[in-house]
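Close look at the chain arrangement
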Amino acid sequence: MAKKNQQEFVQHITPRSEDFSQWYTDVVKLADLMDYTPVRGCMAIKPYGYGIWELIQKQLDAEFKRTGHQNVSMPMLIPESLLLKEADHVEGFAPEVAWVTQGGTEPLAERLAVRPTSETIFCTMYAKWVQSWRDLPLKYNQWCSVMRWEKTTRPFLRTAEFLWQEGHTVHATAEEAQEETMQMLGVYRDFCEGVLAVPVYCGQKSDKEKFAGARATYSVEAMMQDGKALQSGTSHNFGTNFSEPFEIKFLDKDGTQKYAHETSWGVSTRLIGAVIMTHGDERGLKLPPKIAPIQVVVVPVAAHKEGVLEGAKAVADKLEAAGIRVRFDDRDNVTPGWKFNEWELKGVPVRVEVGPRDLEQGQVMSVRRDTYEKAPLAIEGLETEILAMLDAVQSNMFETAKAFRDAHTADVHTMDELGEQVNGGYAKAMWCGEQACEDEIKNRFAASSRCMPFDQTPIGETCVCCGKPAHKVIYFAKAY
RNA sequence: CGAGGUGUAGCGCAGUUUGGUAGCGCGUUUGGUUCGGGACCAAAAGGUCGCAGGUUCAAAUCCUGUCACCUCGACCA
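Here the structure is a predicted model, which means the values were calculated and not measured.

Assigned secondary structure in chain A consists of 14 helices and 24 strands. Taking 23 Å as the expected radius of gyration for a compact globule of 480 residues, we find that chain A reaches 25 Å, a close match to that expectation. Taken along the three principal axes of its C-alpha coordinates, chain A extends 80 × 55 × 50 Å. The buried share of chain A, taken over its 480 residues, is 44%. Sequence separation of at least 24 residues holds for 68% of the intrachain contacts in chain A that already meet a minimum separation of 6.

Leu196, Val198, Val298, Ala427, Ala429 and Phe476 are the most contacted members of the largest nonpolar core, which totals 96 residues. Per element, the largest residue contribution to this core is seven residues, and it comes from helix H12 (residues 382–407). Setting aside anything within four residues of it in sequence, one finds Val198 in contact with Cys192, Glu193, Ala222, Ser232, Ala274, Val275, Thr278 and Ala401. In this structure, Ile78, Leu112, Leu138 and Phe246 belong to the second largest nonpolar core, which totals 21 residues.

Right, let's talk about the protein's contact with RNA strand B for a bit. If you check the shell around RNA strand B, you find 51 residues, and the closest are Gln231, His304, Gly337, Gly355 and Arg357. At the level of secondary structure, the elements contributing two or more residues to the surface near RNA strand B comprise helix H1 (20–30), strand E11 (229–239), helix H10 (336–345), helix H11 (356–360) and strand E18 (363–368). With eight residues, the single largest contributor to the surface near RNA strand B is H10. Split into classes, the residues belonging to the surface near RNA strand B amount to 19 nonpolar, 18 polar and 14 charged.

Here the focus is helix H2 (residues 47–66). Helical geometry: 3.6 residues make up each α-helical turn, so side chains three or four residues apart lie on a common side. A rise of 1.5 Å per residue sets the reference length of H2, with its 20 residues, at 28 Å; its end C-alpha atoms lie 28 Å apart and thus fit the reference within 8%. All buried positions along H2 are accounted for by Gly49, Ile52, Trp53, Ile56, Leu60 and Phe64. Seen end-on, H2 carries its buried residues on one side only, within an arc spanning 105°. Exposed and facing more than 90 degrees away from the buried side of H2 are Pro47, Lys58, Ala62, Lys65 and Arg66. Gly68, located one to two residues past H2, shows a positive phi value of around 85°.

With that settled, the discussion passes to the environment of Ala316. Position of Ala316 among the secondary structure elements: in helix H9 (residues 308–321). For the pair Ala316 and Phe328, spaced 12 residues apart in sequence, the C-alpha separation works out to 6.0 Å. Those residues within four positions of Ala316 in sequence are excluded, and the remaining contacts are Val298, Val326 and Phe328.

A small share of strand E5 (residues 98–103) lies buried, amounting to zero of its six residues. Two elements, E5 and strand E6 (residues 106–114), share five bridges in a ladder whose sense is antiparallel. Looking at the pairing, Gln102 lines up with Pro107 of E6.

For the rest of this paragraph, the subject is the sheet that holds E6. Within the open sheet, the three strands sit side by side as E4-E6-E5. Their pairing is antiparallel. With one partner strand each, in any of the chains shown, strand E4 (77–79) and E5 form the two edges of the open sheet. When the angles between neighbouring strand axes are averaged without regard to direction, this sheet yields 45°. Of the strand pairs in this sheet, E4 and E6 are connected by three bridges, and their pairing is antiparallel. Residue pairing for E6: Ile78 is matched across the bridge by Ala113.

For helix H8 (residues 270–279), a buried count of 10 out of 10 residues is recorded, marking the element as mostly surrounded by other parts of the structure. Looking at H8, one finds that the buried residues are Arg270, Leu271, Ile272, Gly273, Ala274, Val275, Ile276, Met277, Thr278 and His279. Structurally, H8 contributes buried residues whose contacts are with H1, H2, strand E10 (216–223), E11, strand E14 (261–268) and H12.

Time to look at unusual backbone geometry. Leu136 connects to Pro137 through a cis peptide bond whose omega is -5°. With respect to the element layout, Pro137 can be found in the loop between helix H5 (119–129) and strand E7 (138–147). Of note, Asp32 is a non-glycine position whose phi angle comes to about 65°, a positive value. Relative to the helices and strands, Asp32 resides in the loop between H1 and strand E1 (34–36). Its 15 C-beta neighbours within 10 Å are what place Asp32 among the partly exposed residues.

The next point concerns the sheet that holds strand E22 (residues 448–449). Taken together, the four strands give an open sheet; going across it, the order is E20-E21-E24-E22, and neighbouring strands pair in mixed fashion. Both edges of this open sheet fall to strand E20 (409–411) and E22, since each of them pairs with a single strand only. As judged from the five bridges shared by strand E21 (residues 426–431) and strand E24 (residues 472–477), these two strands associate in the antiparallel manner. Opposite Ala429, over in E24, you have Ile474 as the bridge partner.

Attention now goes to the packing of H9 against H12. Remark: H9 packs on H12, axes separated minimally by 9 Å, with the N-to-C direction vectors making an angle of 65°. The way H9 lies across H12 gives a crossing that is right-handed. Counting all contacts with H9, which are made through Val315, Lys318 and Leu319, the residues of H12 involved are Leu382, Glu383 and Ile386. Among the residues forming the contact of H9 with H12, the class breakdown is four nonpolar, no polar and two charged.

Cut-offs applied
Residues numbered from 1 in each chain as written. Chains lettered and ligands numbered in written order. Predicted model: local features only at pLDDT ≥ 70, side-chain atom pairs only at ≥ 80, totals over all residues. Helix = DSSP H or I, 4+ residues; strand = E, 2+ residues; numbered from the N terminus. Rg over C-alpha atoms; globule rule 2.2 N^0.38 Å. Buried ≥ 20, exposed ≤ 12 C-beta atoms within 10 Å, placed from the backbone. Contact = placed C-beta atoms within 7 Å. Core = buried A, V, L, I, M, F, W, Y, C linked by C-beta atoms within 7 Å. Near = placed C-beta within 6 Å. Nonpolar A, V, L, I, M, F, W, Y, C, P; charged D, E, K, R; others polar. Expected span 1.5 Å × (residues − 1). Arc of directions from axis to C-beta. Pairing = 2+ DSSP bridges. Axes fitted to C-alpha atoms, helices over the stretch in contact; angles between N-to-C directions. Left-handed = near helix turned anticlockwise from the far one by under 90°.

What follows is the structure in structure tokens.
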């Protein structure tokens, strides 16, 4: 927490330029998104933060439904024997599993894992539900929380328990599974860019970075304003890696038994962290309108004067009737200036000030959170203007973030260039495909490979690390 | 889990070196004046000093242990 300084306009938030991590922590707390709890690494998400999550859920869920998925609910507890069935999977997750060992007063015969992810329980059920090619595909999703006993935690970015969705699908053919994997990656990309206004690089993970148990993992990678990468969503093609140990088999049209092909994909409350660190500024949170619980705040000015409160209320009602999420801030114990700062801290995209002079002239004063631009608007037809302004804020936030991302991405051809570039952004490089080179880069620069973009147009001929012939284009960055 | 840091009123902090009645600012409550970018005056309430042991006539302060959070690493959505 920054020391209070009466001279400074922003008193509470540690300057972003001074200490990005502390700035993030301050914003998360001061914007009232969450609070710490007595449970190690587990946060309480407060109404304003949960409101953001609800808007994310609502819009993503609609996309899942549109692409033919249905929601289900699986148990939170997974018997140890199920978790052990896929070797890579258990090896990847075992270190961070929390265990239930006792039921009531009796020790359990077999301990139960608090799910760190639900592949194993889904697969177990799928083995019962899939018999024939007619049963396929199965395209299910669940919204739930999972638990991973992380060593160090940070609000929204890495918590021991977190909210997410996990889609798990079963298909008859490898082609269909790959199509599904790519389709859902596309859903995530479109959602991040179109709804969260967070530009992302999409591509395939290296073997070192892929999901435990996956044949192939694809991800959407965002860039935070300190130049670090945040993996924001993943989509996995399992092939038959899980269907074989779990015996998910079906009788195909040709009369033979075949193993099914599976996928899984997920995004979490980490997306909220991505939004904060992509868009926030010195005054606090900056929310894209599509996920802002409050899109417009109406602040009466000189509210004690005749007719002001009523006039401002009418403006708020008018906007609300147009389907805009509006807060009418008629608190009488804080001044308008205080409210301006508070709503900016909380990232409300548009503020509408209504004072006596405005009402006389049949207008209001609008202020955009993204540009601080002030503009008088006529009350007549205001809702149309505000809706257009919200669209403008949404697209401007994306364009600004994209320009930042592009300006902090560069091609590199030597290790020196790479080391320099990952200090404040993404390095695009050629890579030979050997994990030894990834390890070397990790050791020297604390940077990891993020993904191999689908556009594989070469930018060189040799590996940035070992100098041997290289055919893969890949991004490296320091990551959260 | 390794290194470092911080736990004192709702929030932010001082006090700890050198043990001796618990302090400040903001916020809160009440009344009044204010109101176009974090208003002002007056009065009031609010704390077993993270927790547990120990040393001492006496511990926020010294010792031991422990927990939580923050930062940086290693590991991960």
